[in-house]
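# Architecture at a glance
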Amino acid sequence: MNIYEPQTIRQECINKQQQLLEQAVAALRAKGCIVHMAKDSAEAVAIVAELCPAEQKALCTFAPELNEINLQQVVPHAIQTDLEAIVSQRLKQPYINPRRAPLDNVAPEQITEILQQYFTEGTTAADAKALSGIIKRQIITSADKADWGITGLSGIAADTGTIILAEDQGNERLVSNIPTRHLAIAGLEKIYPSNDTALESIHAAWQAGSRQNTPVYYSYITGPSRTGDIEGIIVCGMHGPLEVHVVLLDNGRSQLLAAEKGQVLKCIECGACSTALQDCTIGQPIPTPLTCKSLALTNLHTPIHISDTQWSALNFHCPVGISKEDLQNAME
């Protein structure tokens with residue numbers, strides 16, 4: 001892969017954001033998805049709260065946009081399925097970069113204890129392997145009974161209306177496929193011209209920031225599950241969700257673009273900048289994961305102060321060409 005391709009793709013995505021948005025909405029709806037537009041986090045919260053009331057069962061995964069709207073406060077009954085996110089939350093440890101083994105410094109015994117408390121309801125596992133099996137069965141059982149599976153997404157192909165999930169645990173596939181309804185929440189900048197352009201950026205993100213070169217699991221979702229196996233009659237919901245809802249979240253993205261501060265929206269959430277940004281935001285409320293994009297968006301609503309000395313010391317290499325100056329401009 002040419003190392004310059006993802007940078008070019010991401011620049012095209014933000015340059016043509018409105019055009020791609022209109023194309024994606026039309027394609028998603030044509031494939032049977034229910035699309036919701038949210039101009040800010042408050043609108044997104046209202047949409048999610050109405051769709052997923054307390055009496056309905058839900059599962060969720062970890063995703064930047066879910067954190068952006070504080071999903072666990074909006075749907076507190078949703079069962080989190082990202083194991084690293086669960087442990088980080090219980091340890092009150094910032095989950096600033098999921099791609100870079102955030103639990104490497106946590107003792108295996110402590111991880112086992114936390115997961116056992118969260119999932120197994122008093123069941124004692126003999127070892128980590130046994131616990132893994134118990135957790136897997138419990139997540140599958142919960143998913144089978146769930147009304148909603150709530151995920152973020154890695155990209156949307158505007159030309160086909162395809163939702164792309166790329167991950168290494170397999171839980172997004174489970175959460176998006178087994179419950180009766182799937183709800184995906186995505187920032188506007190995650191709309192790509194095509195599957196191919198989305199995959200170029202997804203692979204670049206994993207190669208720049210992951211513990212492995214490419215994701216283990218991919219899911220391509222083009223509308224609700226449907227089949228015509230029996231007498232050619234199309235039936236929905238037989239092999240997957242009966243409904244697919246997509247919330248497209250603005251929440252300051254258009255504001256940054258209109259003010260010519262949108263270069264940070266090229267961000268592919270690889271985490272290459274996370275440690276450097278953490279060093280210059282100590283003691284302040286920071287988003288998770290911590291990236292140039294999430295920091296700039298958070299700053300629109302909750303001002304973050306970075307001193308001249310900290311700006312001078314800040315140094316990171318971004319695979320899609322976001323510079324320190326781009327971030328500084330977005331936060332002015």
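Residues numbered from 1 in each chain as written. Predicted model: local features only at pLDDT ≥ 70, side-chain atom pairs only at ≥ 80, totals over all residues. Heavy atoms only, no water.

Helix and strand counts for the chain stand at 15 helices and twelve strands. Within the chain, the proportion of its 332 residues that are buried is 52%. Across the chain, every contact between residues at least 6 apart in sequence was considered, and the portion connecting residues at least 24 apart equals 72%. About 15,200 Å² of surface is accessible on the chain, with carbon and sulfur atoms providing 50% of the total. (Helix = DSSP H or I, 4+ residues; strand = E, 2+ residues; numbered from the N terminus. Buried < 20%, exposed > 50% of the residue type's maximum accessible area, 1.4 Å probe, protein only. Contact = heavy atoms within 4.5 Å. Areas by Shrake-Rupley, 256 points an atom, 1.4 Å probe, with all protein chains shown as cover.)

Moving on: the packing of helix α13 (residues 292-301) against helix α15 (residues 324-331). As a packed pair, α13 and α15 sit with axes 9 Å apart at the nearest point and diverge in direction by 15°. Accordingly, the angle class assigned to the pair α13 and α15 is roughly parallel. In this structure, the crossing between α13 and α15 has a hand that is right-handed. Touching Cys292, Leu295, Ala296 and Asn299 of α13 are Leu327, Ala330 and Met331, all from α15. (Axes fitted to C-alpha atoms, helices over the stretch in contact; angles between N-to-C directions. Parallel < 35°, antiparallel > 145°, perpendicular 65-115°, else oblique. Left-handed = near helix turned anticlockwise from the far one by under 90°.)

The next point concerns the environment of Ala198. Tracing the sequence through the fold places Ala198 in helix α10 (residues 195-209). Assessed through its relative accessible area of 0%, Ala198 is described here as buried. Once the C-alpha coordinates of Ala198 and Pro6 are considered, the two residues, 192 residues apart in sequence, prove to be 8.9 Å apart. When sequence neighbours within four positions are dropped, the list of residues in contact with Ala198 reads Ile164 and Tyr192.

Before going further, it helps to spend a moment on the sheet that holds strand β2 (residues 58-60). A sheet is described by the order of its strands in space; here six strands give the open sequence β1-β12-β7-β4-β2-β3, paired in parallel fashion. Sheet topology places β1 (34-38) and β3 (79-80) at the edges, where each strand pairs with a single neighbour. As judged from the seven bridges shared by strand β7 (residues 181-187) and strand β12 (residues 243-249), these two strands associate in the parallel manner. Of the residues in β12, the one forming a bridge with Ile185 is Val247. (Pairing = 2+ DSSP bridges.)

Turning to the environment of Lys31, a few remarks are in order. The residue Lys31 is located in the loop between α2 (17-30) and β1 in this model. Of the residues examined, Lys31 reaches a relative accessible area of 31% and is grouped as partly exposed. Put simply, Lys31 and Thr160 are 129 residues apart on the chain and 8.4 Å apart in space, counted from C-alpha to C-alpha.

This part takes up the packing of aromatic side chains. Scanning the entire structure with this criterion turns up one aromatic pair. With a centroid separation of 6.5 Å and an interplanar angle of 10°, the aromatic rings of Tyr218 and Tyr220 are classed as stacked. With relative accessibility at 23%, the residue Tyr218 sits in the partly exposed group. (Phe/Tyr/Trp six-rings, centres within 6.5 Å; stacked < 30°, edge-to-face > 60°.)

The next point concerns empty space enclosed by the protein. Remark: the empty space left among the atoms is shown by a probe the size of a water molecule rolled over them. Applying the stated criterion across every chain, the model contains one cavity of 30 Å³ or more. Computed from the structure, the largest cavity encloses a volume of approximately 90 Å³. Cys267, Cys270, Cys273, Cys318 and Pro319 are the residues nearest the centre of the largest cavity, which is lined by 14 residues in total. For the lining of the largest cavity, the per-class residue count stands at ten nonpolar, three polar and one charged. (1 Å grid on protein atoms, 1.4 Å probe; cavity = no way out; pocket = protein on both sides within 12 Å on 5 of 7 lines; lining within 4 Å. Points joined across faces, edges and corners; volume = space filled by probe spheres on them. Nonpolar A, V, L, I, M, F, W, Y, C, P; charged D, E, K, R; others polar.)

As a packed pair, helix α6 (residues 83-90) and helix α7 (residues 108-119) sit with axes 10 Å apart at the nearest point and diverge in direction by 100°. By the criterion of interaxial angle, the relationship of α6 to α7 is roughly perpendicular. Facing α6, whose interface residues are Leu83, Ile86, Val87 and Arg90, α7 presents Ile111, Ile114, Leu115, Gln117, Tyr118 and Phe119. Broken down by class, the residue content of the contact of α6 with α7 amounts to eight nonpolar, one polar and one charged.

Shape is all these values report; function is a separate question.
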